[in-house]
Amino acid sequence: MERKQACARCAEQTAPLAEIQREKPEHTRIDWYLAQLPRTAPYFPPTITDGVFDGFYAKFKFVEGVCALGYQVISKLRADADLRYLYEGPQKRRGRRRLFDGTVSFHDLSRFEPVETEEPHLTLYTQVVWSVSLQRRVRVVVAVHRKERQQPRFVVLFSTATELAAADIFRFYKAWFQIEFIFRDAKQCAGFSECQARDKEALHVHFNAAVTVVNLARILAQEAQPREAKLVFSMSSIKQRFFNEHLLNLIISKLAIMNVVRHHG
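Details of the environment of leucine 69
Positionally, leucine 69 belongs in the loop between helix 3 (60–68) and strand 2 (72–77). In contact with leucine 69, not counting residues within four places along its chain, are Leu37 and Pro38.

Structural data, given as structure tokens:
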């Protein structure tokens, strides 16, 4: 988070739906994705408490599964998400307690707390509400971008950690996009999509070898630059540097042989 860089832990192919449902017909791809987390979680540093996931994973089954493992979920909600304000007023002496105080409308954020940001035209609005689809309290952050005043744009983020600051939720979710650079660098510079094998295990080794190369390149870049400075990383430049070094060593080694031959001749 400090240097805005990501490293890959592992890469796995999504299994065909028929294979997923072979033993348990009721399972979906969400179950398959959720099963990956317990396999990789033991290798996470103990300081990791939050997981950032694409909006596709903002489903009850997945969120429940992640929270059951002791992690909090940060993700994105649909623009028409069904949310309810929590009722915090006095309760009646008899009868069922009142839980909700109206439905959230993203066109009226007067009951949300505004949070200013350093980015121009961007304001965050946050509130702890009840999510009907997730069946739990969540902290919602509505990021409103008003560069086009006539038609402002917004996205709805949430975290199951209701005490987490709105600015941190927004910052963490923005960092999620760093994984796209891992795929880009692995495909363009590490041969991620160039394997000709058809065996499942061979493909698994190839994919993880490719992303591991990207990890090592990022580590080299971090070690070569001061920690307090903004990290500048180019997988293409590092690859070119190593190629040039290899080519130079090859030329030098050939010239050395030629010199020896000429000397003895």
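Next, the rest of the story.
Overview of a nonpolar patch on the surface
There is a patch of nonpolar side chains on the surface, built from Phe243, Leu247, Leu250, Ile251 and Leu255 and spanning about 440 Å² of accessible area. Tracing the backbone shows phenylalanine 243 in helix 7 (residues 235–264). Accessibility expressed as a relative area gives 46% for phenylalanine 243, which makes it partly exposed.

So, the nonpolar core
As a rule of thumb, soluble globular proteins bury nonpolar side chains together. In terms of nonpolar packing, the biggest core is built from 29 residues, with Val66, Leu77, Leu83, Phe112, Val140, Val142 and Phe158 touching the most fellow members. Elements represented by at least two residues in this core include exactly helix 2 (29–40), helix 3, strand 2, strand 3 (83–86), strand 6 (122–131), strand 7 (136–145) and strand 8 (153–159). Those residues in contact with leucine 77, other than ones at most four positions away along the chain, are Ala58, Leu83, Val140, Val156 and Phe158. Membership of the second largest hydrophobic core comes to 18 residues, among which are Ala186, Leu203, Val211 and Met235.

Points about unusual backbone geometry
One non-glycine residue, histidine 121, lies in the positive phi region at around 70°. In this fold, histidine 121 is placed in the loop between strand 5 (113–116) and strand 6. Assessed through its relative accessible area of 43%, histidine 121 is described here as partly exposed. Phi is positive for glutamine 135, which is not a glycine, with a value near 55°. Inspection of the secondary structure assignment puts glutamine 135 in the loop between strand 6 and strand 7. Classification of glutamine 135 as partly exposed rests on a relative accessible area of 46%.

Re the packing of aromatic side chains
Taken as a whole and assessed by the stated rule, the structure comprises 15 aromatic pairs. Pairing tyrosine 33 with phenylalanine 56 gives two aromatic rings, centres 6.3 Å apart and planes at 80°, and the pair type is edge-to-face. Of this pair, tyrosine 33 sits in helix 2 while phenylalanine 56 sits in the loop between strand 1 (50–52) and helix 3; the two residues are 23 residues apart in sequence, bridging distant segments of the chain. Joined through ring pairs, the aromatic side chains of Trp32, Tyr33, Phe53, Phe56, Tyr57 and Phe62 make up one cluster. In this arrangement the basic side chain of lysine 59 is found over the ring face of phenylalanine 56, its NZ or CZ atom lying 4.2 Å from the centre. The ring of tyrosine 85 has arginine 111 lying over it, and the distance from NZ or CZ to the ring centre is 3.9 Å.

A closer look at the pairing of strand 6
A regular strand carries its side chains on alternate faces of the sheet. For strand 6, the tally of buried residues reaches 8 of 10 residues, placing the bulk of the element in the interior. One ladder, built from 3 bridges, connects strand 3 with strand 6; its direction is antiparallel. Bridging across to strand 6, arginine 84 finds its partner in tryptophan 130. As paired strands, strand 5 and strand 6 are joined by 4 bridges and run antiparallel to one another. Looking across to strand 6, one finds that proline 114 is bridged to tyrosine 125. Of the strand pairs in this sheet, strand 6 and strand 7 are connected by 10 bridges, and their pairing is antiparallel. Note on strand 7: the bridge partner recorded for leucine 122 is histidine 145.

Quick notes on helix 2
With 12 residues, helix 2 should cover 16 Å at 1.5 Å per step; its first-to-last C-alpha distance of 17 Å lies within 8% of that length. Along helix 2, the residues that are buried comprise Ile30, Asp31, Tyr33, Leu34, Leu37 and Thr40. Of the surrounding elements, those touching the buried residues of helix 2 are helix 3.

A closer look at the confidence of the model for the protein chain
In the predicted model, the protein chain carries a mean pLDDT of 89, and the fraction of residues at 70 or more is 96%. Averaged pLDDT values for the elements of the protein chain fall to 79 in helix 7 and rise to 96 in strand 2.

Some words on the packing of helix 5 (residues 178–189) against helix 6 (residues 200–224)
A pair of packed helices can be characterised by two numbers: the angle between their axes and the separation between those axes. It is at 9 Å that the axes of helix 5 and helix 6 come closest, and there the two elements cross at 105°. On the basis of their axis angle, the class for helix 5 and helix 6 is roughly perpendicular. Across the interface between the two elements, Phe181, Ile182, Asp185 and Ala186 of helix 5 pack against Ala210, Val211, Val214 and Arg218 of helix 6. Partitioned by chemical class, the residues of the contact of helix 5 with helix 6 number 6 nonpolar, no polar and 2 charged.

The rules we used
- Residues numbered from 1 in each chain as written.
- Predicted model: local features only at pLDDT ≥ 70, side-chain atom pairs only at ≥ 80, totals over all residues.
- Heavy atoms only, no water.
- Helix = DSSP H or I, 4+ residues; strand = E, 2+ residues; numbered from the N terminus.
- Contact = heavy atoms within 4.5 Å.
- Patch = residues over 30% accessible without salt bridge, like charges linked within 9 Å, V, L, I, M, F, W, Y side chains within 5 Å.
- Areas by Shrake-Rupley, 256 points an atom, 1.4 Å probe, with all protein chains shown as cover.
- Salt bridge = Lys/Arg side-chain N within 4 Å of Asp/Glu carboxyl O.
- Buried < 20%, exposed > 50% of the residue type's maximum accessible area, 1.4 Å probe, protein only.
- Core = buried A, V, L, I, M, F, W, Y, C linked by side-chain atoms within 4.5 Å.
- Phe/Tyr/Trp six-rings, centres within 6.5 Å; stacked < 30°, edge-to-face > 60°.
- Lys NZ or Arg CZ within 6 Å of the ring centre and 35° of its normal.
- Pairing = 2+ DSSP bridges.
- Expected span 1.5 Å × (residues − 1).
- pLDDT = per-residue confidence, 0-100.
- Axes fitted to C-alpha atoms, helices over the stretch in contact; angles between N-to-C directions.
- Parallel < 35°, antiparallel > 145°, perpendicular 65-115°, else oblique.
- Nonpolar A, V, L, I, M, F, W, Y, C, P; charged D, E, K, R; others polar.

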